[in-house]
Amino acid sequence: TESFIVAIDGPAGSGKSSVSKAVARRLGYGFLDTGAAYRALAWHVLDRGDDTADEAAVLAAAADFPFAQGLDPDDRLVHVGATDVTDAIREPRVSGAVSGVARVPAVREQVNDAFRRIAREAEYPAVVVEGRDITTVVAPDAPVRILLTAAPEVRAARRAAELDAEDAGAVAAALHHRDAKDSAVVDFLTAAEGVEVVDSTDLDFEETIDAVIAVIERRA
Ligand code: C5P
C-alpha cells in the first residue's frame, strides 16, 4: 500500500521541523523537511557562484541539481552531489538567499513533484511532510493537514536559542524579514479549509508533539 502524508505547514521558528521529526520518530513514520530542499538549492546556486536573485541562473541550477535527502527521522543527511550540505544549509547566508529561489514558480513545480514522488515511494506507513505549502499545494488531499503556529516573539526566541545566537534582535529581524518575503509567495499564516491549527505559543516541546499526535490519531 502507498504511504499517506501527514502535511504540516508553518512559519519559521514555529517548531515545525523539530516537532515533525519527533512525531515521525514516535509513530515510525518517515520525515521530509521540504525547506531543506529549497535551502540546498540556494546553497547550490551560491556554490556555482551565481546570484539567487538571478532567475535564469536559479532555473539553470535547478535543472542540474543532484539533491538527496534521507527520510529516516534519525538520519537526515542532505547531499548535493557528493557534498554533505546538512550543516551548510542552516548558515545565515543560505537563510538569507533561500526566499529568492523559492519564489520562482517553475522551481516550486519541480520540487513539489519530487516531494510527491518521494512520499509516494517511501517505505514507511506514512511520511510527515513539513513546509509552507504542503497542506495547500503539495498534498491538499492528505488525510492529516496541520498548521503549526506560534506568536512571532516566541518564534524569534526559539530560533535564537536554536542558533545559540548572541544577538537575538538580529535573529528576530532576519526571521520576520524572511517570513514577509515567503508569505508573498505562499500563505502559511492562515489555515486553509479543513486544516487544523496547532498553536504552540503556550505549549512546550512535548505538549506540542502530543497535540500533533492527537490530531493524527483523530484524522488518519
Ligand atoms: O522551513 P525552512 O525555514 O527551512 O524553509 C526554508 C525556506 O524554504 C523558506 O524560507 C521558504 O523560502 C522556502 N520554503 C518554501 N516552501 C516550502 C518549504 C520551504 O518556499 N514548502
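Everything quoted here is computed from the prediction, not taken from an experiment.

Quick notes on the rules
Residues numbered from 1 in each chain as written. Predicted model: local features only at pLDDT ≥ 70, side-chain atom pairs only at ≥ 80, totals over all residues. Heavy atoms only, no water. UniProt positions renumbered as here; feature names shortened; annotations may be inferred. 1 Å grid on protein atoms, 1.4 Å probe; cavity = no way out; pocket = protein on both sides within 12 Å on 5 of 7 lines; lining within 4 Å. Helix = DSSP H or I, 4+ residues; strand = E, 2+ residues; numbered from the N terminus. Contact = heavy atoms within 4.5 Å. Salt bridge = Lys/Arg side-chain N within 4 Å of Asp/Glu carboxyl O. Buried < 20%, exposed > 50% of the residue type's maximum accessible area, 1.4 Å probe, protein only. Near = heavy atom within 4 Å. Polar contact = N/O pair within 3.5 Å; in protein donor to acceptor, adjacent residues only side chain to side chain. Areas by Shrake-Rupley, 256 points an atom, 1.4 Å probe, with all protein chains shown as cover. Sits in = over half its atoms within 2 Å of the grid points.

**Quick notes on the UniProt feature "binding site: ATP" (unreviewed entry) in the chain**
- Following the UniProt record, the feature "binding site: ATP" (unreviewed entry) maps to Gly10, Pro11, Ala12, Gly13, Ser14, Gly15, Lys16, Ser17 and Ser18 here. Among the residues just listed, Pro11, Ala12, Gly13, Ser14, Gly15, Lys16, Ser17 and Ser18 line the largest pocket.
- Within the element layout of this structure, Ser14 appears in the loop between strand E1 (4-9) and helix H1 (16-27).
- Once residues lying within four places of it in the same chain are set aside, the contact partners of Ser14 are Leu148, Thr149, Arg155, Arg158 and Ser200.
- Topologically, Ser18 is positioned in helix H1.

**Things to note about the pattern of salt bridges**
- One pass over the structure, following the stated rule, counts 16 salt bridges.
- In this structure, the salt-bridge partner of Glu196 is Arg219, at a minimum N-O distance of 3.1 Å. Of this pair, Glu196 sits in strand E8 (residues 196-199) while Arg219 is found in helix H9 (residues 205-219), placing the two residues 23 residues apart along the sequence.
- According to the relative accessible area criterion, Glu196 is buried, its value standing at 17%.
- In the salt-bridge network here, residues are joined through shared partners; they are Arg26, Glu206 and Asp210.

**Some details on the site of the ligand**
- The environment of the ligand is formed by 16 residues, the closest being Arg39, Arg108, Arg132, Arg178 and Asp182.
- Between an oxygen atom of the ligand and a side-chain N or O atom of Lys16, the distance comes to 3.2 Å.
- In this structure, an oxygen atom belonging to the ligand sits 2.7 Å away from a side-chain N or O atom of Arg178.
- Coverage of the ligand by the protein amounts to 98% of the 460 Å² it exposes when considered alone.
- Spatially, the ligand is embedded in the largest pocket.

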